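The chain contents come next:
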Amino acid sequence: MKTEIDPRNLIGRKAFDRNGNKIGTIDEVYLDDATGVAEWAAIRTGLFSRDAFVPLEPSELVEGALWVPFERALIKDAPDFGVGRHLSPEQELQLYHHYGLDVAAPPPPPDRDFGRLAGSDGA
């Protein structure tokens, strides 16, 4: 997220789409397992609706509300994984693809020199 804020302070805030349409209210914030950084917000999209996951990066906190740079329809169509549970890496990948966000590939394993190849002269 572009504006640093304590993730606990996001709960209960209103969320709006790129056009200023109200999406709903933030119910939960999900942290990255490795870094502890706030990565996703679950937004209650209506009284009897489900929660929709939105990425906190590249969203912005403006005047106490979360502004998500996507259309409301795209947000409402995000994969539904339920709230209150851990998001698996596969679920996060599905969400990133849904929003058209690039996900960096994991770094390749380090090259290791295990010695000389059989039959080679190491002189």
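Remember, predicted model here, so these are calculated numbers, not experimental data.

### Concerning the layout of surface pockets
Taken as a whole, the second largest pocket holds about 160 Å³ of empty space. Tallying contributions element by element places helix α2 (residues 89–98) first for the lining of the second largest pocket, with four residues. Residue composition of the lining of the second largest pocket, grouped by class: four nonpolar, no polar and three charged.

### Observations concerning the confidence of the model for the chain
Of the residues in the chain, 80% reach a pLDDT of 70 or more, and the chain-wide mean stands at 85. Per-element mean pLDDT across the chain ranges from 92 in strand β5 (residues 60–62) up to 97 in strand β1 (residues 14–16).

### Regarding the pairing of strand β4 (residues 51–55)
The element β4 is largely enclosed, with a buried count of five among its five residues. Residues Asp51, Phe53 and Pro55 of β4 are buried on one face, and the alternating residues Ala52 and Val54, pointing to the opposite face, are buried as well. Across five bridges, the pairing between strand β3 (residues 38–44) and β4 is antiparallel. Directly across from Ile43, in β4, lies its bridge partner Ala52. Here β3 hands over to β4 after six residues, the two strands then running antiparallel side by side.

### Here's the deal with the pattern of salt bridges
Counting across every chain of the model gives two salt bridges. With its nearest N and O atoms 3.4 Å apart, the salt bridge here joins Asp27 to Arg44. Of the two residues, Asp27 is situated in strand β2 (residues 22–31) and Arg44 in strand β3; the sequence distance between them amounts to 17 residues. For Arg44, a relative accessible area of 30% puts it in the partly exposed group. Asp51 is the salt-bridge partner of Arg44, the closest N and O atoms lying 2.9 Å from each other.

### Section: the environment of Glu57
Within the secondary structure layout, Glu57 lies in the loop between β4 and β5. Glu57 gets classed as partly exposed once you look at its relative accessible area, which sits at 44%. It is 6.9 Å that separates the C-alpha atoms of Glu57 and Glu39, two residues lying 18 residues apart in sequence.

### Concerning the packing of aromatic side chains
Two aromatic rings are characterised by how far apart their centres lie and by the angle between their planes. Within the structure shown, the criterion is met by five aromatic pairs. Relative to Phe81, the ring of Phe53 has its centre 6.5 Å away and its plane inclined at 45°; by these criteria the two rings are tilted. Within this pair, whereas Phe53 is found in strand β4, its partner Phe81 is found in the loop between α1 (72–76) and α2, the two being separated by 28 residues in sequence. Considered together, Phe53 and Phe81 belong to a single accessibility category, that of buried residues. Feature note: the residues Tyr30, Phe53 and Phe81 constitute an aromatic cluster, connected by ring pairs.

Each value, and the rule that gives it
- Residues numbered from 1 in each chain as written.
- Predicted model: local features only at pLDDT ≥ 70, side-chain atom pairs only at ≥ 80, totals over all residues.
- Heavy atoms only, no water.
- 1 Å grid on protein atoms, 1.4 Å probe; cavity = no way out; pocket = protein on both sides within 12 Å on 5 of 7 lines; lining within 4 Å.
- Points joined across faces, edges and corners; volume = space filled by probe spheres on them.
- Helix = DSSP H or I, 4+ residues; strand = E, 2+ residues; numbered from the N terminus.
- Nonpolar A, V, L, I, M, F, W, Y, C, P; charged D, E, K, R; others polar.
- pLDDT = per-residue confidence, 0-100.
- Buried < 20%, exposed > 50% of the residue type's maximum accessible area, 1.4 Å probe, protein only.
- Pairing = 2+ DSSP bridges.
- Salt bridge = Lys/Arg side-chain N within 4 Å of Asp/Glu carboxyl O.
- Phe/Tyr/Trp six-rings, centres within 6.5 Å; stacked < 30°, edge-to-face > 60°.

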